[in-house]
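An overview of the molecular structure
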Amino acid sequence: MRQAARELYFQPNLKVLRQLRLKRRQQRALAAHKLRCTSNAKDLDQLDTFHRAIRPYLCLAQIFGMLPLANVLSPNPQKVKFQLRSSGMCFSVLFLLLGSLKTTRIAAKIYQGGINSRNMVSLVFFMSSLIICIKFICFARNWHRLILPWNEIDIIMLFPPYAPTKRSLRRKLLITGCLLSCLTLIDHCLYYASSYYNYHMQIIHCPTNITEIDFSGYMKREFADIFEILPYNPVLMFYAFFLNWTFGFIWSFIDTFIILISIGLSQRFKQFAQRVMKLTKRQVPDALWLELRKHHILLCELMELVDANLSGIVLLSCLNNIYFICNRLLTIFTKLRYPINYAYYWFGLLYLLGRTCAVFLCASRIHEFSLLPLEVLYMVPSDNWTEEVQRFTHQLTSQYIALSGFRLFFLTRKSFLWIYYEFMLLQMDAKAHKEELPDLCA
């Protein structure tokens, strides 16, 4: 009787065995697919990796002399490297030479005409763009070291047990980049429309020797640093426009790049937090806590690597935005002459404020998502509080995960609120700087 009971008790459950075999088969297939993706560029290019999503912007940046990387179109991130002998480096050197000449000419004209806060804005704009370009060239030198560990984390988090995202990373970066590019284009076009309309009305209402209003006259005045030395012709006109567009692109691309990097990092931290949140009030073995802790270490190492290479660009971005926002806020009550001037001024100010807000808010999501796993760990019962849970908790609480400007400040919501408060105080003080309309014919 006892022997029959033992045989009945130890009889294998065929249904359970079948499920275990199926699970092992799925795990082997998943491991084989991961291995295939790491070794085969075609399979890797089908995944929603950050390298695949950021690739169009790397190509665009090269046209304007930034991020001189070779093999940018390659689906394999190992081939995308910084090279001195490359077409991207040629564009960068050419822009730095031409941009330095233009900046020197503008500085000389400002010195001859007298230095004041109004004409210094253009000099700061051109000088900051040159510094940003040099900083991106230095950043490109370390791109290879940054994108390879990022790609390894992408391969881990694009497969189960990590849940897929509702919107692909490529789509998010595409929408964000196109939106910011369109706003930059509108801002640039409004500047030229406002400037040309001022020139047009000045010729009509002021006594001058000009009998016909033509576009060449506006070009000679707008780009006096070029056409005072060289004769006016269509080739130089195209060169003057393209050089100004390049400066404008660099000035706005620094914020766009930080936003794109922030979106890529925050998505991975969000996926990690979602996986941990699913373990709420569940019996979790130490092996799973150990796996999660190792994956979190990989994310933290990537974050440290990105912050170490990007902190200079973050600092430049914040200083650049604060200077131009303060300059515009101080003249917020100044009267303007025509509606197109008001349109350019207010669109430019709102676009600059919105872009600065987007940098802080997108980057702050990294810090917010990094803290979410703590909510789950704090709810672990004392009976299940093991040494592995304690290590994981200490790891989460001992590291401050956020992008920074050389660790002088962090891109979080608290920093953004403090800067917003300073802008409000500056706006209240701007009433004391109210100016009347200058003479049109001066």
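1. Observations regarding the packing of aromatic side chains
Inspection of the entire model under this criterion finds 35 aromatic pairs. Taken together, a centroid distance of 6.4 Å and an interplanar angle of 45° make the contact between F125 and F247 tilted. With F125 in helix α6 (residues 120–141) and F247 in helix α11 (residues 234–277), this residue pair connects regions lying 122 residues apart in the sequence. Grouping residues by exposure puts F125 and F247 together as buried. Against the face of Y162 rests R275, its NZ or CZ located 4.8 Å from the ring centre. One residue, R328, lies across the ring of Y344, its end atom 5.2 Å from the ring centre.

2. Describing a nonpolar patch on the surface
On the surface, L60, I63, F238 and F242 cluster together into a nonpolar patch covering about 380 Å² of accessible area. Broken down by secondary-structure element, the contributors of at least two residues to the nonpolar patch are α4 (50–63) and α11. If you trace the backbone, F238 turns up in helix α11. Residue classification places F238 among the exposed positions, given a relative accessible area of 59%.

3. A look at unusual backbone geometry
A cis amide bond, omega 10°, links P160 with the succeeding residue P161. Mapped onto the fold, P161 is located in the loop between α7 (143–157) and α8 (169–205). Of note, K281 is a non-glycine position whose phi angle comes to about 60°, a positive value. Turning to its location among the elements, K281 is positioned in the loop between α11 and α12 (286–330). In this structure, F406 takes a positive phi of about 55° despite not being glycine. Tracing the backbone through its elements, the reader meets F406 in the loop between α14 (387–398) and α15 (413–429).

4. A word on α11
Helix length check: α11 (44 residues) gives 62 Å between terminal C-alpha atoms against 64 Å at 1.5 Å per residue, within 8%. Within α11, the axis deviates most sharply at F253, by approximately 35°. For α11, a buried count of 34 out of 44 residues is recorded, marking the element as mostly surrounded by other parts of the structure. Of the residues flanking the start of α11, the one acting as N-cap is N233, its side-chain oxygen 3.1 Å from the backbone nitrogen of V235.

5. Things to note about empty space enclosed by the protein
Applying the stated criterion across every chain, the model contains 2 cavities of 30 Å³ or more. Roughly 40 Å³ of internal volume is contained in the second largest cavity. When contributions to the lining of the second largest cavity are tallied by element, the ones reaching two or more residues are α7 and α12. Across the lining of the second largest cavity, the residue classes tally to 6 nonpolar, 1 polar and no charged.

Quick notes on the rules
- Residues numbered from 1 in each chain as written.
- Predicted model: local features only at pLDDT ≥ 70, side-chain atom pairs only at ≥ 80, totals over all residues.
- Heavy atoms only, no water.
- Phe/Tyr/Trp six-rings, centres within 6.5 Å; stacked < 30°, edge-to-face > 60°.
- Helix = DSSP H or I, 4+ residues; strand = E, 2+ residues; numbered from the N terminus.
- Buried < 20%, exposed > 50% of the residue type's maximum accessible area, 1.4 Å probe, protein only.
- Lys NZ or Arg CZ within 6 Å of the ring centre and 35° of its normal.
- Patch = residues over 30% accessible without salt bridge, like charges linked within 9 Å, V, L, I, M, F, W, Y side chains within 5 Å.
- Areas by Shrake-Rupley, 256 points an atom, 1.4 Å probe, with all protein chains shown as cover.
- Salt bridge = Lys/Arg side-chain N within 4 Å of Asp/Glu carboxyl O.
- Expected span 1.5 Å × (residues − 1).
- Bend = angle between axes of the 7 residues up to and from the residue.
- Polar contact = N/O pair within 3.5 Å; in protein donor to acceptor, adjacent residues only side chain to side chain.
- 1 Å grid on protein atoms, 1.4 Å probe; cavity = no way out; pocket = protein on both sides within 12 Å on 5 of 7 lines; lining within 4 Å.
- Points joined across faces, edges and corners; volume = space filled by probe spheres on them.
- Nonpolar A, V, L, I, M, F, W, Y, C, P; charged D, E, K, R; others polar.

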